[in-house]
Amino acid sequence: MIIATAGHVDHGKTLLIKSLTGVDTDRLPEEKKRNLTIDLGFAFLPVDDADTIGFIDVPGHEKFIRNMLCGVAGIDFVLFIVAADDGPMPQTREHLAILDLLDVSQGAVALTKVDRVEETRAVEISEEIDELFSGSSLAGIPVFPVSPITGDGINELKQHLIQVAVGTPPRSSEGNFRLAIDRSFNVPGSGLIVTGTVFSGKLETGDSARVMGAKMDVRVRSIHAQNTKVNFGQAGQRCALNLAGAGLQKDQVQRGDWVIAGRLPPPTRKIDIRLRVAQTESRALAHWTPVHVHLGASETLGRVAILKGGEIDPGGDGLAQLVLDNPIGAINGDRLILRDQSGQRTIGGGKVIDINPPARGRSKPERITFLKAMEQTDEGTALAAVLDASPNGLLLDQFATTRNLTPEDMEILVDLVPMKSIETENGTLGFSPAHWEKIRGTALEGLAAWHKKFPDTVGPAENRIFEITGIRLPLHAAIGICADLAREGVIVKEGMGVRLPSHRPSLQGADATNWKKIKPLLVEGGLRPPVVVDIAKSIGNEPHKVESLLVRAGRQGLVVRIAKNRFYPPETLRRLAEIAETVAAETADGMITAANFRDASEIGRNLAVEVLEFFDKVKFTRRINDGHEILRAATDAFGGE
């Protein structure tokens, strides 16, 4: 269990932690000199029947509220300190507001310095605390009168904390690993150490990880969790990681960054949230208000875009988008705090909903519907709702990373939630059953309309199948849908076009006569069919007329033009694509190059380059540096036998 302190400056937080654990958390020389907590301090209390309790001592002075916010991120329990002689003070109220906005619900109040006041005063302050905390997420938490000087009440408070720790089940270690870095330093002989709270997942010694903002791949040399050397660290623990990696530099790793492992989204500049405005605000929060955003251990400036109504009243909530000056790591469910432009006042808090907002239309009704579906806490319920809110399909990989789901988690969800899955260049696209039936029906109706309008052509290219329907889908989605419908047998892939099985255009007259002469030449040419000029010589015709005929034949799916002077029969292209698949399967990195494709196909380097460039164009492959990566099956790209 991780406990953070909270409360006004000089109310005795650090001394109380020392009384409970024996550790003085003021570690900086300036803190010793000024007798004032400036940065985060850490202490640990071993427990016989539970995991060690970790304490985070946060500063109480208003000047260091940003450090306090860093300390209370990801905690399980708050130990609120109020001095009996002062009673609740301004930072008491602001810390309470912050914890309420973060929805921290477990805690206790330590009423310190009771040795300085009469008992009636302590009772009076206890009642004032109860009233102050009522209506917040911490309403009704117990109050313990204590004095670290005399020792009164310390044991009772310690036993309560131990009892809570024993009764608190371990936090789930599901999801990918995320540690919010709050300190980084070098240890002679060991190297770089980072410390922080683990928000999710599990990481073992020897595992590979990544420092997100610094974009550095690292290896975990050793782990200390809750102040003990262990083989793994997991959600709900304070961990220190000893990191190693090529070119690893301390100054590249800073507070606010994340150590991550697994599939997690990159830092983002736009975050859609459910925003609650603090009750203490004197006026509504207006659209495009500049703010300081605190999430995990990170802080950045940004602006608030209110998605409906233009403002949110004090104590109210609404959907909003944060447009940030600097990208930060975030996932669905993360909680954050907003402070005013000067960083002097807490004005609200929120919960992350989505980190992949569209480039435009952030407040359109369909986007609002999507966000409300994405707010569901149960993963299966959320996936079903988001599919219903996504008529053009949902990228399942994006849903998984946004909600920090592992591939195994997502595989289970996909089996549980009814949907149609389509493989695309950009990942798997999911449709609700109702939306899929509509998409499927619209595609077939669109093809029928195309055939009626253009009876002499085989049909549209696969990426244009919805062009005549009015539905606008991304290129990768249309191609994936076409491939699935072709496998189902309700459409036919012919050449670079698609058609209904009932539609069979054919060449007529002189075109048909000349095609009978040309087709054998193309077939006999094998993987290296003759170019236009050579075909013209063979049949005794002019090159420009042969080229025109081949273009017309291409519209009917009989040939495919891959270069200015080169046409291929579709079945020959498919054979070349199958050779490319074999080459990719036999190489260590799965990449096809001009050289290994030339050697496997024996068509020569220049033609191999032309074919590979064509494969990239039709999204069978994708160019990566000097190689080509296969995106889909040859039969999907070029049709079956």
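Rules of the game
Residues numbered from 1 in each chain as written. Predicted model: local features only at pLDDT ≥ 70, side-chain atom pairs only at ≥ 80, totals over all residues. Heavy atoms only, no water. Helix = DSSP H or I, 4+ residues; strand = E, 2+ residues; numbered from the N terminus. Buried < 20%, exposed > 50% of the residue type's maximum accessible area, 1.4 Å probe, protein only. Contact = heavy atoms within 4.5 Å. Areas by Shrake-Rupley, 256 points an atom, 1.4 Å probe, with all protein chains shown as cover. Lys, Arg positive; Asp, Glu negative; His and termini not counted. Charge placed at Lys NZ, Arg CZ, Asp CG, Glu CD. Pairing = 2+ DSSP bridges. Axes fitted to C-alpha atoms, helices over the stretch in contact; angles between N-to-C directions. Polar contact = N/O pair within 3.5 Å; in protein donor to acceptor, adjacent residues only side chain to side chain. Parallel < 35°, antiparallel > 145°, perpendicular 65-115°, else oblique. Left-handed = near helix turned anticlockwise from the far one by under 90°. Nonpolar A, V, L, I, M, F, W, Y, C, P; charged D, E, K, R; others polar.

### A short note on the overall build of the protein
Then comes step 1: If you tally the helices and strands in the protein, you get 19 helices and 33 strands.
Then comes step 2: Projecting the C-alpha coordinates of the protein onto the three principal axes gives extents of approximately 115 × 55 × 40 Å.
Then comes step 3: By the burial criterion, 54% of the 641 residues in the protein qualify as buried.
Then comes step 4: Sequence separation of 24 or more characterises 66% of the internal contacts of the protein that already satisfy a separation of 6 or more.
Then comes step 5: Surface accessibility of the protein: about 28800 Å² in total, with carbon and sulfur atoms responsible for 47%.
Then comes step 6: Seen as two clouds, the 74 positive and the 83 negative side-chain charges of the protein have centres 9 Å apart.

### Notes on the sheet that holds strand β6 (residues 143-145)
Then comes step 1: Pairing is mixed across the open sheet formed by six strands, whose spatial order is β2-β3-β1-β4-β5-β6. Of all the strands in the sheet, the pair left with one neighbour each is β2 (41-45) and β6. Taken over all neighbouring pairs, the strand axes of this sheet differ in orientation by 25° on average, direction set aside.
Then comes step 2: Strands in contact with helix α4 (residues 90-101) are β1 (2-6) and β4 (77-83); relative to β4, the strand with the most contacts, it is inclined by about 165°.

### What to know about the sheet that holds strand β18 (residues 289-295)
Then comes step 1: Pairing within the closed barrel is antiparallel, and its six strands lie in the order β16-β21-β19-β18-β22-β23. Across this sheet, the average inter-strand angle for adjacent strands is 40°, counted without regard to direction.
Then comes step 2: Bridge count for strand β16 (residues 268-277) against strand β23 (residues 346-354) is six bridges, and the pairing is antiparallel. Bridge assignment links Val277 to a residue of β23, and that residue is Gly348.
Then comes step 3: On the sheet, α4 packs against β16, β22 (335-339) and β23 and is oriented at approximately 15° with respect to β23.
Then comes step 4: Relative to β23, helix α7 (residues 365-374) is tilted by about 90°, and along the sheet it contacts β16, β21 (317-328) and β23.

### Notes on the side chain of Thr14
Then comes step 1: Secondary-structure assignment places Thr14 in helix α1 (residues 13-21).
Then comes step 2: Among the polar contacts made by the side chain of Thr14, one reaches the side chain of Asp57 at a distance of 2.6 Å.

### With respect to the pairing of strand β33 (residues 627-630)
Then comes step 1: Summarising the sheet, strand β31 (residues 591-592) and β33 pair through two bridges and their orientation is antiparallel. Residue Met591 lies in a different strand from β33, and its bridge partner there is Glu629.
Then comes step 2: Two strands pair when backbone bridges link them, and strand β32 (residues 621-624) and β33 are joined in this way by four bridges, in the antiparallel orientation. Counted as the bridge partner of Ile624 is Gly627 from β33.

### Notes on the packing of helix α17 (residues 594-601) against helix α18 (residues 605-617)
Then comes step 1: Direction vectors running N to C along α17 and α18 enclose 110°, while the axes themselves pass 9 Å from each other. Judged by the inter-axis angle, α17 sits roughly perpendicular to α18. The two elements α17 and α18 cross, and the hand of that crossing is right-handed. Packed against α17, whose contacting residues are Ala594, Ala595, Phe597 and Arg598, the element α18 presents Arg605, Ala608, Val609, Val611, Leu612 and Phe615 at the interface.
Then comes step 2: Looking at side-chain class alone, the contact of α17 with α18 contains eight nonpolar, no polar and two charged residues.

### Overview of unusual backbone geometry
Then comes step 1: Positive phi, close to 60°, is recorded for Lys113, a residue that is not glycine.
Then comes step 2: When you line up the elements, Lys113 lands in the loop between β5 (107-112) and α5 (119-133).
Then comes step 3: We classify Lys113 as buried; its relative accessible area is 13%.
Then comes step 4: Its identity is not glycine, yet Trp288 carries a phi of approximately 70°, on the positive side.
Then comes step 5: The topology assignment puts Trp288 in the loop between β17 (285-286) and β18.

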